[in-house]
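Here is what each chain is made of, one letter per residue.
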Amino acid sequence: MLLLVAVALDFVYTTVFAASENRNKVEKVINSKPQNYDVIILGTSRANNHFVPELFEQQGLKTFNYGMSGSHLFEASLLLKLMVERGWDIKQILLETDLNLSNEKRDPGTSAWMMPFLHRSETIREHYYKEPDFNQLYYIPFYRYIEFDNRIGFRALWKTATQQPTVFLKNQGYYPLPNTSKGNMKNNIKALRPLRNRYYEEIKDICRKNNIQLIAVTTPMCENTEGMEYFSKVKQLYPEIREYEQAVQGDEYFSSCGHLNDRGARKFTEIIINDLLKKK
């Protein structure tokens, strides 16, 4: 009886979540038809909060920010695989590659959004295949919904079924941080070490095979950051990554030490556009 209930619940949850396309960026990609973009932005919150698509589009560059707070390069690589699989025509990938180079882990929050599609997408299944809990996630009915209850539990099911919108897709994916509030304006990244990251290597390989120009950049840190030599190690490991960790100076442009506020993000985006992307 317990097994039958688990199978039934798994079917209901999967049917609801897998049919949605307006609550998060993963759904938007997986349930999409072929798209055409000049610029797709990928990365963590340091991409989500730092690149303003509106400013790209003012230069005639169709753009969407697929940066996801809390995510790692694990998820960025998978999201790009799904875009390519769905026939997207992408001219350029703007990839935030800085602190996220220091690990190859998955993010539990972002992974939750992938789980409803685990049985429906071979690409997602293969990406998660070597994860230590893959067998439980894949073979035990309803286990993944219990494991990721905070993101894909009953409350999320209800909101998805009733098509309640979220903030994730507003502003073409960009999430602005307020100019007035201030978080911790000190940071210490001395313990971080950039890796020869397998998921960054995957992204480079996907772009090469699909004729996509990859622009990898670091993004700004506040002046009170200790351990900024981390970025020198990034450059030694990957010379192609463009250095912008000090492109914006002044606490007035930051919401916290590692995240620009909206004013800072607009300043930084203008710098990126003028340096790398502006149409001549």
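For the structure, see preceding data.
Residues numbered from 1 in each chain as written. Predicted model: local features only at pLDDT ≥ 70, side-chain atom pairs only at ≥ 80, totals over all residues. Heavy atoms only, no water.

A.B. asks: It is not clear to me how the state of the cysteines should be interpreted in this structure. Could you clarify?
C.D. replies: When the sulfur atoms of two cysteines share a covalent bond, that bond is a disulfide. As enumerated under the stated definition, the model contains 1 disulfide in all. At a sulfur-sulfur separation of 1.8 Å, the disulfide partner of C222 is C257. Between C222 and C257, the S-S dihedral sits near -65°, and the bridge is therefore left-handed. Of this pair, C222 sits in the loop between β5 (213-217) and β6 (225-226) while C257 sits in the loop between β7 (254-256) and β8 (259-260), placing them 35 residues apart in sequence. Using a relative accessible area of 2% as the deciding quantity, one classes C222 as buried. Assessed through its relative accessible area of 2%, C257 is described here as buried. (Disulfide = S-S within 2.5 Å. Helix = DSSP H or I, 4+ residues; strand = E, 2+ residues; numbered from the N terminus. Buried < 20%, exposed > 50% of the residue type's maximum accessible area, 1.4 Å probe, protein only.)

A.B. asks: I tried to follow the pairing of strand β3 (residues 89-96) on my own but got confused; where do I start?
C.D. replies: Side-chain positions along a regular strand alternate between the two faces of the sheet. The buried count for β3 comes to 6 of 8 residues, which makes it a mostly enclosed element. Sheet topology note: the strand β1 (residues 36-42)/β3 ladder contains 6 bridges and is parallel. The partner of N36 across the bridge, within β3, is D89. Examined bridge by bridge, β3 and β5 share 5 bridges and lie parallel to one another. Paired with E96 across the two strands is V217, which belongs to β5. (Pairing = 2+ DSSP bridges.)

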